[in-house]
Amino acid sequence: MENPHMQTWRSVLAVATLGAVLAGCGSNDAPADETAAASGPWSFTSGNGDVVKADKTPSRIIAHAGEAAALISFGIKPVGIYADEPVKTDLNLKDLDLTGITILGEEWGKIDVEKAASLAPDLIVGDWWPAEKAYSGLEEGVDEKSKKLAELAPIVGVSQGESIVDLAEGYEALATSLGAKVDDPQIAANKKRFETAVTAFKAATAAKPNLTAAGMSPTDEKVYVANPKYAPELLDFQRWGLKVLDPAAPDKDFPYWETLSWENADKYQPDLILWDGRAYKDTLNAEFGKKQPTWFEIKAAKAGAVTAWPAYWLHTYGDFATELEKLTTAINGADENIGN
Amino acid sequence: MRTSATNRASGLVLLVALLAVVAFLSVTQGSRSIDLTDVLRALGNLGDDGTITSTVTLELRVPRTLVGILAGAALGVAGAILQGVTRNPLADAGIMGINSGAAACVVFAITVLGIQGVSYYVWFAFGGAIIATFLVYTIASMGREGATPVKLALAGAAVTAGLTSVTSAIVMTNIDALNELRFWQVGSLAGRYTPILVGVAPFILLGLVASLGLGRVLNGLALGEDTARGLGQRVGLTRAAAFGVVAILAGAATAACGPIVFIGLVVPHLARFICGPDYRWILPYSMLLAPIVLLLADVLGRIAGAPGELQVGVVLAVLCAPVFVGIVRYARLVEA
Amino acid sequence: MTLTLVAVKATHRRRTVRSLAVTIALACVVAALFVVTMMVGSFRLTALQVITSVLHLEANPGVDFVVRGLRLPTATAGLTVGLALGASGTIFQQLLRNPLASPDFVGVTSGASLAAAGGIVFLQAAGLVVCAFALGGALLAALLMYVLAWRDGVSGYRFILIGIGVAAFFDGLVGYVLSRARLTEARQAMHWLTGSVGQASDQELQILLYALPALLLLAIGLQRHLRALELGDDTARALGTRTELSRAALLGTAVLLVALAVAVAGPVVFVALVAGPVANRLLGPATGGILAAALVGAALLLTADLVAVHLLPVSLPTGVVTGAVGAPYLLWLLATTNRKGAGG
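Numbers given for residues are sequential positions, taken from 1 along each chain in its written order. For this description, chains carry letters from A and ligands carry numbers from 1, given in the order in which they are written. In view of the model being predicted, local features appear only for residues whose pLDDT reaches at least 70, and side-chain atom pairs are presented and counted only at 80 or more, with totals across whole chains, interfaces and linings using the full set of residues.

**Q** Residues and numbers for the overall build of chain A, please.
**A** A run of H or I in DSSP becomes a helix once it reaches four residues, and a run of E becomes a strand once it reaches two; helices and strands are each numbered from the N terminus. On a plain count of helices and strands, chain A comes out with ten helices and 15 strands. With C-beta atoms placed from the backbone, a residue counts as buried when 20 or more other C-beta atoms lie within 10 Å of its own, as exposed when 12 or fewer do, and as partly exposed for counts between those limits. Within chain A, the proportion of its 340 residues that are buried is 53%.

**Q** Go over the confidence of the model for chain C with me, naming the residues and quoting the values.
**A** Residues and elements named next belong to chain C. Known as pLDDT, the predictor's confidence for each residue is given on a scale from 0 to 100. Confidence in the prediction for chain C averages 82 pLDDT; 89% of positions are at 70 or higher. Within the model, pLDDT remains below 50 along residues 338-344, and this stretch shows 22 contacts once partners closer than five positions in the same chain are excluded. Interface predicted TM-score (ipTM) for the complex: 0.80; the corresponding pTM is 0.83. Throughout, a residue-residue contact means that the two C-beta atoms, derived from backbone geometry, are no farther apart than 7 Å.

**Q** Can you lay out unusual backbone geometry for me, pointing to particular residues and giving the numbers?
**A** Leave glycine aside and you will find that most residues have negative phi; peptide bonds, for their part, are mostly trans. All names here are of chain C. Not every positive phi belongs to a glycine, and His56 is a case in point at roughly 60°. If you trace the backbone, His56 turns up in the loop between α2 (47-54) and α3 (61-95). Classification of His56 by C-beta neighbours within 10 Å gives exposed; the count is 9. Even without a glycine there, the phi angle at Gln124 is positive, about 50°. Counting through the fold element by element, Gln124 comes out in the loop between α4 (108-123) and α5 (128-149). Overall, Gln124 belongs to the partly exposed group, with 14 C-beta atoms counted inside 10 Å.

**Q** Kindly report on the nonpolar core, identifying the contributing residues and their values.
**A** Note on terminology: a nonpolar core is a set of buried residues of type Ala, Val, Leu, Ile, Met, Phe, Trp, Tyr or Cys, with members joined through C-beta atoms within 7 Å. Grouped together as the largest cluster of nonpolar side chains are 351 residues, with contacts concentrated most on Ala74(B), Val106(B) and Val258(C). With 17 residues, the single largest contributor to this core is helix α3 (residues 52-86) of chain B.

**Q** Can you tell me about the interface of chain A and chain B, naming the residues and giving the values?
**A** On the chain B side, the residues contacting the 20 residues of chain A number 23 residues. The element contributing the most residues to the side of chain A that touches chain B is strand β13 (residues 257-261) of chain A, with three residues. When residues are grouped by polarity, Ala, Val, Leu, Ile, Met, Phe, Trp, Tyr, Cys and Pro land in nonpolar, Asp, Glu, Lys and Arg in charged, and all others, Gly among them, in polar. The residue inventory of the side of chain A that touches chain B, partitioned by class, reads four nonpolar, four polar and twelve charged.

**Q** Account for the interface of chain B and chain C, with residues named and values stated.
**A** By a widely used convention, the size of an interface equals the accessible area lost when the partners come together. Contact with chain B, which involves 44 residues of that partner, is made by 44 residues of chain C. Only α5 (118-141), α6 (149-172), α7 (175-184) and α14 (312-330) of chain B provide two or more residues apiece to the side of chain B that touches chain C. A total of 15 residues in the side of chain B that touches chain C trace back to one element, the largest contributor, which is α6(B).

**Q** Now, about the packing of helix α9 (residues 215-222) of chain B against helix α13 (residues 279-304) of chain B: what can you tell me, with residues and values included?
**A** All names here are of chain B. To get an axis, fit a line to the C-alpha atoms, keeping to the stretch in contact for a helix; angles then go from 0 to 180 degrees between the N-to-C directions. At a minimum axis distance of 7 Å, the contact between α9 and α13 shows a crossing angle of 120°. On the basis of the axis angle, α9 is oblique to α13. Residues Gly215, Arg216, Leu218, Asn219 and Ala222 of α9 pack against Tyr279, Arg280 and Leu283 of α13. When describing relative orientation, an angle under 35 degrees is termed roughly parallel and one over 145 degrees roughly antiparallel, while 65 to 115 degrees is termed roughly perpendicular and anything else oblique.

**Q** How would you sum up the sheet that holds strand β4 (residues 80-83) of chain A? Please name residues and give values.
**A** All names here are of chain A. Strand pairing follows a simple DSSP-based rule, namely that at least 2 bridges must link the two strands. Taken together, the five strands give an open sheet; going across it, the order is β5-β4-β3-β6-β9, and neighbouring strands pair in parallel fashion. Edge strands, defined here as strands with exactly one partner in the open sheet, are β5 (102-106) and β9 (155-156). Across three bridges, the pairing between strand β3 (residues 61-64) and strand β6 (residues 123-125) is parallel. Residue Ala63 lies in a different strand from β6, and its bridge partner there is Val125. The sheet strands contacting helix α2 (residues 65-73) are β3, β4 and β6, and the helix crosses β3 at an angle near 125°.

**Q** Which residues make up the confidence of the model for chain A, and what values go with them?
**A** All names here are of chain A. In the predicted model, chain A carries a mean pLDDT of 86, and the fraction of residues at 70 or more is 89%. Contacts of residues 1-7 to residues separated by more than four positions or lying in other chains number four contacts, the stretch itself having pLDDT below 50. Counting contacts from residues 20-37, a segment whose pLDDT is below 50, to residues more than four positions away or on other chains yields 27 contacts.

**Q** Go over the environment of Gly109(A) with me, naming the residues and quoting the values.
**A** Tracing the backbone through its elements, the reader meets Gly109(A) in the loop between β5 and α3 (113-118). As for Gly109(A) and Tyr82(A), which are separated by 27 residues in sequence, their C-alpha atoms are 10.0 Å apart. Aside from chain neighbours lying at most four places away, what touches Gly109(A) is Gly141(A), Val142(A), Asp143(A), Ser146(A) and His191(C).

**Q** Give a description of α4(C) that names residues and reports values.
**A** Residue and element names in this part refer to chain C. Expected helix span is taken as 1.5 Å per residue step, with the number of steps being one fewer than the number of residues. With 16 residues, α4 should cover 22 Å at 1.5 Å per step; its first-to-last C-alpha distance of 22 Å lies within 8% of that length. Taken across its 16 residues, α4 has 14 buried, putting it largely inside the fold. A positive backbone phi angle near 50° is found at Gln124, which sits one or two residues after α4.

**Q** Residue-level account of the environment of Phe169(C), with values.
**A** Residue and element names in this part refer to chain C. Among the structural elements, Phe169 can be located in helix α6 (residues 156-179). Residue Phe169 is classed as buried on the basis of its C-beta count, with 26 C-beta atoms lying within 10 Å. Residues Phe169 and Pro213, spaced 44 residues apart in sequence, show a C-alpha to C-alpha distance of 33 Å.

**Q** Go over the pairing of strand β1 (residues 42-45) of chain A, please, and point to the residues and values.
**A** Residue and element names in this part refer to chain A. The side-chain alternation of β1 yields one buried face, formed by Trp42 and Phe44, and one unburied face, formed by Ser43 and Thr45. Pairing of β1 with strand β2 (residues 51-54) involves four bridges; the strand directions are antiparallel. Each residue of the ladder has a partner; that of Thr45, found in β2, is Val51. If you look at the hairpin formed by β1 and β2, you'll find five residues sitting between the two strands, and Gly49 has a positive phi there, around 95°.

**Q** So what's going on with the packing of helix α12 (residues 290-311) of chain C against helix α13 (residues 318-336) of chain C? Residues and values would help.
**A** All names here are of chain C. Direction vectors running N to C along α12 and α13 enclose 115°, while the axes themselves pass 9 Å from each other. Classified by the angle between their axes, α12 and α13 sit roughly perpendicular to one another. Here α12 runs over α13; the crossing is right-handed. Contacts between α12 and α13 involve Leu300, Leu301, Ala304, Asp305, Val307 and Ala308 on the former and, on the latter, Thr318, Val321, Thr322 and Val325. Counted by class, the contact of α12 with α13 contains seven nonpolar, two polar and one charged residues. Crossing handedness is read from the near helix: turned anticlockwise from the far helix by less than a right angle, it gives a left-handed crossing, and turned clockwise, a right-handed one.

Structure representation (structure tokens):
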């Protein structure tokens, strides 16, 4: 690859030695386990179309939150993670064992590039966002310092698009190229479970051809109805046969949702409500029924036909399978005739 | 021209009538179009018969209108008192750090205690507002001169600056809190129903009644502290009492609706324009004018934003911005 | 007669010596802080390593990446923004004859915030464009306040009250802007609004680097001119219009300085407020040195950034730390200020 940063990457190697000699901080951890994987040459086509090449398969990886979760699920442990919020609360990371991984950032826009350099990474992994034309954490508006992360090592990622499955598959391909044993029964089990979950989901929707669903997010002031066009996981559900309704009048300046005032909360009458998973708790439906007099004007809400929808860019087969299984149960228990 | 007491009193009666009309508008108009007959039937039955029209009318619009009336009155009166006591025509609750105090406490509730929902924010916002007012007043009272207008304004600005940077530092690491905060801090009447109404009504009513006794004192203070002292007023004491009333009124209103700025600033000037500089009249006029303006803005927002709604804070910002510039330009800022 | 003259001259010389000594000492402190901020971090470096790398005396790719790539831009931003804020603050305070009349409280900073947030949210602005918006917003806000506060000249008291009112108004509007944004853009705007010296891009820094010396020299020149006029009261009055013009020019320079600083680092409060009075305390009778105040500003900001980034367990925005430093000072100032708010 034409590499304008080669100079920098070499200097980063120098930084790593420097760190060891001068202060001894950072790179004390054992050298990356250079098992059979660490051969080469290596190449990967990133989400923006660039083909990234290296002489040796990268083994010291710094990854963004959900992307790190994806790599970990294939048995590849990054040396560093940067996230947009504390890793304890990040929905993609909160259940993972992160011991031995250096946390380089827990706030959007702020990445500790010095600490990152001390890890001597040879690959950075972050989703590619086609609309922003940037990798996760390096978008416009972040600290100028943070952007220098990209100077430490080549950066690759899977493009965010119209399907969450693309993300899982993309990171499977990346992990494979990095030497992950994706056929290892333990690792492959997740994918199997996911495939079974999809089959079950399709069967459930096929059994209820008239079932309609809507992605919703009620708040104290308004009700938000999700526009599937901008929610890859809802597009996946549609592909698999669930009729996720398209709001008639998405907000003009922000078409991700149609916002309804509480007076008009009953505008859509789906049979099943998919509740934004970022805010979902089992008790919320009853709570909203109590505090918002019109929430139960939605018949599905009144009947308790409510389930969580993962509106936060799942990256792994395992997580997606778990969510799909819950959804399938909800679909199986739903009544096609509650709404209209 | 002399405006006689009778004229002013009949003006008040007129305003009461106007408020009734606007309140009726607020109950009949909304983002959902409901036939007038249905609204009247729901009002007549005075019980929710289970239809959506009656639910929207009785459980959404009526409490919301009442919250609007109370919060509006509270903000208008609080603004009038503040302008009188600080002799600063640009004073309102926001300048006293009340909004930033309330916001900081709400963010604390969201991030540290994990609480979400407007009905829970009420008490945190109330507490935060009271603490911030107390802080600002204490800081400004330090030193020999006591709480002079400039010191009050600066103490307010400084407390606001400090609290705001803490608040924004917290929400930057918690995107859900940022999302909650940015909607809360615009100020809105949407989603404010009976529980909130019942919660804040006693405080606001108490504050409003207490405020009516302040008219004469404020008239004295308006002549300057020395004159007021000469008239036998205990300036420090009255000032503290006035701030107590402001903290309760603005705190409760902010707790109910989030920080609604501008109305407390603009309405007292409107009142002064109509009834002259006598605070015994400015206070009741502000008490009636402010809810009229607030409800009108809210109705406008409900109609203009259908099927969603515009927050009342946004509508007020658009309406009040030119008025604000006018006030700044022509207001008599006391030259000390 | 001659004796008095000699005495006056002696006092004058003593003042000059003191002011020179203080300024040089401050410059040394700032230079030291500048180097120290580049020594600490994930890698400890020696002062020698930092200096040789900054001056390109020796090529060591590792050190160069850390020093020139990562630390130098932040340190430079801290230095220049601090200088600009310190100078601007003291000019405001002197012209408006009030130690509380700092540009971060009288609406200039708020105007910049509103314009920047609006640009990010409504026009998807980023990078230099945000910087330009902030600059424009600050200048417009200053102009607006000047127009609003003008009544046969600008009185300090009026200006402050109006400034605070306008600032509160702008801050309210910032809230509305944030509520109209997508969440990601609200986050970007909020990030800008927290203010930090680490967010500046190289181009933004360059603009400030080029403008700063020119503006500082201009300000010092204008101040000297005004001082000379003020020595002879009658002369000054006779030349009244020209004085007013010089004053306006000096104020304009100060506004430009603070606007550039905010455009580069976002709103960082309290530095402009504190720098001038601290410098005056150090200078003793020779008060009013713009250069000294600028240096104090730089020292404050570099220290605050050191504390914010390296000493605290969690990394806080620079604005929070400068606030923590500035707040007690402000309290003291309010406590000792006299009735007109003009003491201190």
